[in-house]
Amino acid sequence: MILVLLILNLLLGGGLAWLAGRWSASAARWTALVVTLFELLFVGLLWLRLEPAEGSPWLAGIVADWIPNFSVKLILLMDGVSLLLITLTAVLGVLAVLVSWREIQENVGFYYFNLLCVLAGVIGVFTALDLFLFYVCWELMLIPMFLLIANWGHAHRKAAAIKFFLFTQLSGLLMLVAILGLALTHFQATGAITFDYRALLGTAPGSLWLMLGFFVAFAVKLPAFPLHTWLPDAHTEAPTAGSLLLAGLLLKTGAYGLIRFILPLFPEAAAAFAPIAMTLGVIGILYGAVLAFAQTDFKRMVAYTSVSHLGFVLLAVFAMNLLALQGAVVQMLAHGFSTGALFVLAGALQERLHTRDLRRMGGLWTLMPRMGAVALFFAMAALGLPGLGNFVAEFLILLGAYRANMPLAALAAVGLVFATIYALWLLQRAFYGPVASEGAPRDLRPRETLIFAVMMAALLWLGLFPQPVLDAAAPALHRVPGVSLHVGAYVRGPRSPARVRESAHSVARPETAPLAEHVRNGDGSVWGDAKAGRGEAPAPWGRAGTGTSTIDDRRGGAR
Amino acid sequence: MTHAQLTALLPVILLAGTAVALLLVQAITRSHRVTAGVTLAGLAAALVAVTRALPQGATPVTALLTIDRFALLYTGLLALIGIGLTLLSFLYLAGRTRLTGAYYILFTLALAGGAVLASSAHFAAFFLGLEMISVSLFALAAYRRDDPAGIEAGMKYLVLAGVATAVLLFGAALLYARYGTMAFAALGTAIAPGAGDPLTLAGIALVVAGIGFKLTLAPFHLWAPDVYEGAPAPVTGFIATISKAAVFALLLRLFTQVHLREHPALFAIFATLAIASIFAGNLLGLRQMNLKRVLAYSSVANMGYLLIAFLAGGPAGAIAATFYLTAYLPALLGIFTLLTALSGRERDADAIADYAGLAWRRPVLAAAFTVLLLSLAGIPLTGGFIGKFYVALTGVSAALAGSPAFWALVGALVVGSVIGLYYYLRIVLAFFQRTPAGEEPAAITRRVPDAAAIVLTLSTLAVLWLGVLPGNTLTLISLLVEEWFR
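This structure is a prediction, so every number in the text was calculated from the model and none was measured.

**Q** Just give me the short version of the overall build of chain B, but keep the residues and values in it.
**A** Of regular secondary structure, chain B possesses 19 helices and 2 strands. What you see for chain B is a C-alpha radius of gyration of 21 Å, in line with the 23 Å of a compact globule of 486 residues. Its C-alpha atoms give chain B principal-axis dimensions of about 70 × 55 × 40 Å. Residues classed as buried in chain B amount to 63% of the 486 residues present. In chain B, of all internal contacts separated by at least 6 residues, the share reaching a separation of at least 24 is 79%.

See below:
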């Protein structure tokens with residue numbers, strides 16, 4: 001139930017903020033802030049309520065019927081990876097509201113409505129485990145994001161917003177076709193149609209085409225080379241909070257999709273595709289870094305560093321071992337904070353200097369020492385300074401990737417050198433050297449200091465004490481098939497997974513019946529999910545072949 | 001005529017009877033309110049008659065009509081949309097013209113023609129229904145005699161619909177020459193599966209061309225943008241919704257009963273038409289600045305998507321196509337309601353620029369309009385998405401079942417949807433344009449009459465309901481459609 005609460009809180013709160021905005025702008029701001037703080041509170045409760053239980057990775061969840069004709073269900077389930085990403089969402093949500101406090105002055109209520117709807121959609125994506133529902137959430141986070149960019153963005157906002165929407169829509173529809181192909185393959189094999197992720201595991205482990213359908217959708221969002229071209233435009237033209245959410249959350253939905261869907265649903269196809277995907281990842285790392293170096297627009301430059309950083313995630317996912325996957329999860333969190341902070345910094349600079357052009361900056365440290373120090377911190381994070389989250393992530397990823405493919409890992413390591421160059425170059429151009437701009441811009445306000453302090457704390461925590469994050473993610477990652485565990489043996493053993501909290505659901509044996517008959521039988525009795533039943537757990541998890549107790553996908557323990 | 005036949009035919013009788021009653025009413029009073037009231041009463045009575053006829057199974061009435069549940073479903077759908085369009089017509093005509101009587105007579109006649117099409121079992125009934133629609137519509141399209149664009153629309157529709165009917169008749173004649181019957185069922189048994197003789201193929205091809213004109217399938221779509229643009233908004237609504245739904249019902253019935261779909265040549269023809277329509281509709285709509293023209297091209301594309309479900313065939317295909325239409329019709333009705341309500345006396349509010357700033361000035365209207373447009377684009381939580389999802393499901397299902405041609409169709413659906421999304425987004429973005437106070441387009445400042453508000457609310461809610469909880473509707477449609485497949 002708590003997952004539903006997480007989503008409803010944001011949706012209803014968004015509506016409330018909209019209404020409040022008709023009354024006064026600051027009422028809308030405060031409403032949005034309270035809503036996101038409540039969200040954070042709920043997520044905190046979620047962490048506290050984790051109950052260790054054997055046998056299932058799902059920490060919380062709910063299953064309910066939705067469209068029985070297609071046997072579409074409302075399945076929201078959360079495991080360790082989802083939990084971490086939901087936490088990231090809640091934290092960045094609060095920060096996004098704070099970031100927009102002064103920047104947005106027009107139609108504030110509607111702005112916060114869209115902002116909170118994006119957050120709701122993202123949480124939906126991170127928890128939906130019915131593929132139909134997943135697709136719905138995937139699309140629904142787009143529309144408010146589109147409106148955010150198109151209405152409150154910078155000069156070329158409309159073109160950028162449309163480009164963003166069309167790219168995602170095309171890839172999303174390919175994913176929808178792949179989802180249909182997967183569900184119908186399952187239907188042909190068992191006579192039961194279902195979109196339940198757990199039942200579809202092992203349906204088509206080797207189907208390259210279906211895997212590519214999913215891969216394209218996630219690669220566009222990630223973004224992976226060569227599908228990244230929407231990203232610099234969208235990031236640059238979006239308002240500051242929009243860039244923060246894009247970089248911090250929407251890109252993570254792509255990475256999450258790779259880990260959650262590609263590897264478990266298509267382990268064999270993914271293994272066959274791994275060399276290509278890893279190569280794309282390495283190209284992304286190097287190409288993004290080179291392009292970042294060449295930019296003169298602050299935001300555009302940060303946008304390209306995202307391409308570079310998320311290339312590491314792509315490399316890690318297809319390295320297919322626990323170490324790399326752990327690194328990918330940490331990278332998702334660390335990148336959310338470090339790149340998000342750089343975007344906030346760009347927004348703060350633009351507010352003061354009315355430009356994002358690096359050629360017109362210089363010597364800002366002397367004018368705004370506190371902002372200079374903050375910029376130094378996050379530039380160090382971006383280049384992977386030990387002690388900060390990005391270092392842990394990239395270190396784990398390179399270690400894991402080395403086991404999988406030594407030459408590619410070596411090339412990816414060069415990306416770290418490139419990162420050092422562009423990060424230092426950024427500092428040099430903007431904050432050191434002779435003072436280039438006139439006037440005396442105000443140094444950081446307390447509100448901005450608070451935002452940066454939270455992000456610094458998070459990065460330091462990820463860099464110095466990553467173990468809790470690794471522990472939380474481990475049970476979920478252990479279950480990803482084909483992941484070799486011995487590499488990660490030194491990582492502390494998986495915490496015993498918590499009990500599944502989902503409503504009991506009777507499972508009927510499937511009978512073969514033609515498609516249209518299923519649609520008529522709106523009770524879903526014929527379409528009952530075949531494989532998700534107790535004791536009929538799908539096999540592919542077992543391929544981890546480790547003897548860990550995370551094989552079964554039990555649906556018992558209802559509450 | 002037995003009692004059962006009378007019950008079955010009652011909806012059609014009531015629709016035609018309303019037209020006659022309206023003629024008589026004109027002799028007594030020319031009051032616009034009375035005329036529209038009689039029309040509404042007649043349509044509502046037909047709707048009730050539909051529900052009364054539903055329990056009985058397929059009932060042949062003469063050799064021409066077979067009134068089965070499928071026919072009644074479509075008749076009911078047409079009557080429902082007809083009620084909405086009648087209200088729009090009332091709002092539109094009031095204050096624009098004093099000659100209102102003929103409008104409603106023609107309107108009701110066209111609706112009766114649609115009901116005949118949906119239940120026809122014979123080429124003669126097909127022809128009758130089609131002519132009832134065409135003849136009424138070209139007069140309706142040119143109803144504003146002071147408007148040159150309307151006259152042009154009427155002429156264009158007259159000539160092209162005439163050609164289409166002639167082509168269709170010739171095709172039917174060829175089939176009659178070859179098989180000696182024009183009843184669908186008899187043709188179904190007479191035409192051997194895979195019959196490839198020139199007479200049969202030419203006959204069917206001509207029939208398909210005639211249907212293609214009415215459904216605005218590319219390359220038969222050339223008349224659509226001009227007629228859509230020139231005709232009064234409610235008449236455009238009629239052409240876009242009722243006339244298409246009726247012809248599509250006939251197409252489904254004809255090809256299911258005559259088993260033509262399996263024919264490889266015909267499959268190729270329809271697949272080509274579908275792909276051509278999807279791309280033509282979506283690409284040509286990209287640069288249009290006129291909302292009605294955008295809707296014309298959007299309907300070309302949507303008919304293309306619909307053909308995919310039609311081609312997949314079987315019960316699933318018929319259900320998917322019917323659901324698609326069920327979701328498509330209220331979306332269009334809602335859009336035309338807005339168009340009508342915000343139109344001025346001298347010209348319809350059909351330029352995209354007329355809606356600049358709608359979201360800031362009239363947020364509720366903008367929200368409803370956005371939902372309706374997103375439904376046409378097939379974005380989740382609208383009926384249009386479930387329709388498109390189901391169409392894609394039948395397409396992928398057919399492709400996996402061993403006809404790889406469907407991959408091309410599904411691919412066209414995907415690419416076409418993305419291209420089309422661009423023009424819907426352009427309209428939505430216009431809503432958010434900032435205009436200085438006092439310089440707003442006149443359209444967005446007009447008051448929406450209560451009747452239009454009701455129609456708009458109901459159609460928007462229908463679109464959302466079909467998108468969020470489509471279960472009941474799907475079950476209902478499949479119960480009504482699968483009678484054919486037992």
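**Q** Outline the overall build of chain A, listing residues and values.
**A** A tally of regular secondary structure across chain A gives 21 helices and 2 strands. Counting every position in chain A, which comprises 559 residues, the buried fraction comes to 65%. In chain A, the share of contacts with a sequence separation of at least 24, taken over all contacts with a separation of at least 6, comes to 79%.

**Q** Help me get a handle on the packing of helix H4 (residues 108-127) of chain A against helix H11 (residues 240-265) of chain A, residues and values and all.
**A** Residue and element names in this part refer to chain A. Orientation of H4 relative to H11, taken along the N-to-C sense of each, is 15°, at an axis distance of 10 Å. Relative to H11, H4 is oriented roughly parallel. Seen along the crossing, H4 lies across H11 with a hand that is left-handed. Contact residues: Leu115, Val118, Val122, Val125 and Phe126 in H4; Ala241, Leu245, Leu249, Leu250, Thr253 and Tyr256 in H11. A class-by-class count of the residues in the contact of H4 with H11 yields 10 nonpolar, 1 polar and no charged.

**Q** How would you summarise helix H20 (residues 467-478) of chain A if you had to cite specific residues and measurements?
**A** Residue and element names in this part refer to chain A. Under the 1.5 Å per step criterion, the end-to-end length of H20 is 16 Å for 12 residues, consistent within 8% with the ideal 16 Å. Burial within H20 is extensive, with 9 of its 12 residues counted as buried. Where H20 is concerned, the buried positions are Val469, Leu470, Ala472, Ala473, Ala474, Pro475, Ala476, Leu477 and His478.

**Q** Outline unusual backbone geometry, supporting the account with residue identities and numerical values.
**A** Each neighbour pair has its own omega, and for A:Phe225 with A:Pro226 the value is 0°, a cis peptide bond. Residues B:Ala218 and B:Pro219 are joined by a peptide bond in cis, for which omega reads 5°. Counting through the fold element by element, B:Pro219 comes out in the loop between helix H8 (198-215) and helix H9 (223-230). For A:Met320, which is not a glycine, the phi torsion comes out positive at approximately 55°.

**Q** I'd like a description of the interface of chain A and chain B, backed by residues and values.
**A** Much of the literature gives interface size as the accessible area that the parts lose upon coming together. Listed per partner, the contact involves 30 residues of chain A and 29 residues of chain B. If you list the elements that add at least two residues to the side of chain A that touches chain B, you get helix H5 (131-140), helix H6 (142-152), helix H7 (157-190) and helix H21 (515-520) of chain A. Looking at the side of chain A that touches chain B, its residues break down into 19 nonpolar, 8 polar and 3 charged.

**Q** Account for the nonpolar core, naming residues and giving values.
**A** All names here are of chain A. Grouped together as the largest cluster of nonpolar side chains are 436 residues, with contacts concentrated most on Leu315 and Ala401. When residues of this core are assigned to their parent elements, the largest contribution, 20 residues, is made by helix H14 (residues 322-353). What Leu315 contacts, discounting residues up to four positions off in sequence, is Met278, Gly281, Val282, Ile397, Ala401, Leu408 and Ala412.

**Q** So, the pairing of strand S2 (residues 72-78) of chain A: which residues are in play, and what are the values?
**A** Residue and element names in this part refer to chain A. By the criterion of burial, S2 is predominantly enclosed, with 6 of the 7 residues buried. Where strand S1 (residues 60-67) and S2 come together, 7 bridges link them in antiparallel fashion. For Ile62, the partnering residue across the bridge sits in S2 and is Leu76. The hairpin formed by S1 and S2 contains 4 residues between the paired strands, and Ser71 there has a positive phi angle of roughly 55°.

**Q** Give me the lowdown on the environment of A:Leu353, citing residues and values where you can.
**A** All names here are of chain A. Tracing the backbone shows Leu353 in helix H14. For Leu353, a count of 20 C-beta atoms within 10 Å gives the class buried. The sequence separation of Leu353 and Phe343 amounts to 10 residues, and the corresponding C-alpha distance is 15 Å. Excluding anything up to four places from it in sequence, Leu353 contacts Met361, Ser437 and Pro441.

**Q** Please give an account of the environment of A:Phe431 that cites residues and values.
**A** All names here are of chain A. Within the secondary structure layout, Phe431 lies in helix H18 (residues 406-431). The exposure class of Phe431 is buried, given the 22 C-beta atoms found within 10 Å. Counting along the chain gives 98 residues from Phe431 to Leu333, while the straight-line C-alpha distance between them is 27 Å. Each residue touching Phe431, except ones within four places of it in the same chain, is listed here: Leu364, Trp365, Gly372 and Ala375.

Scoring rules and cut-offs
- Residues numbered from 1 in each chain as written.
- Chains lettered and ligands numbered in written order.
- Predicted model: local features only at pLDDT ≥ 70, side-chain atom pairs only at ≥ 80, totals over all residues.
- Helix = DSSP H or I, 4+ residues; strand = E, 2+ residues; numbered from the N terminus.
- Rg over C-alpha atoms; globule rule 2.2 N^0.38 Å.
- Buried ≥ 20, exposed ≤ 12 C-beta atoms within 10 Å, placed from the backbone.
- Contact = placed C-beta atoms within 7 Å.
- Axes fitted to C-alpha atoms, helices over the stretch in contact; angles between N-to-C directions.
- Parallel < 35°, antiparallel > 145°, perpendicular 65-115°, else oblique.
- Left-handed = near helix turned anticlockwise from the far one by under 90°.
- Nonpolar A, V, L, I, M, F, W, Y, C, P; charged D, E, K, R; others polar.
- Expected span 1.5 Å × (residues − 1).
- Core = buried A, V, L, I, M, F, W, Y, C linked by C-beta atoms within 7 Å.
- Pairing = 2+ DSSP bridges.

Everything listed is a geometric property; what it means functionally is a separate question.
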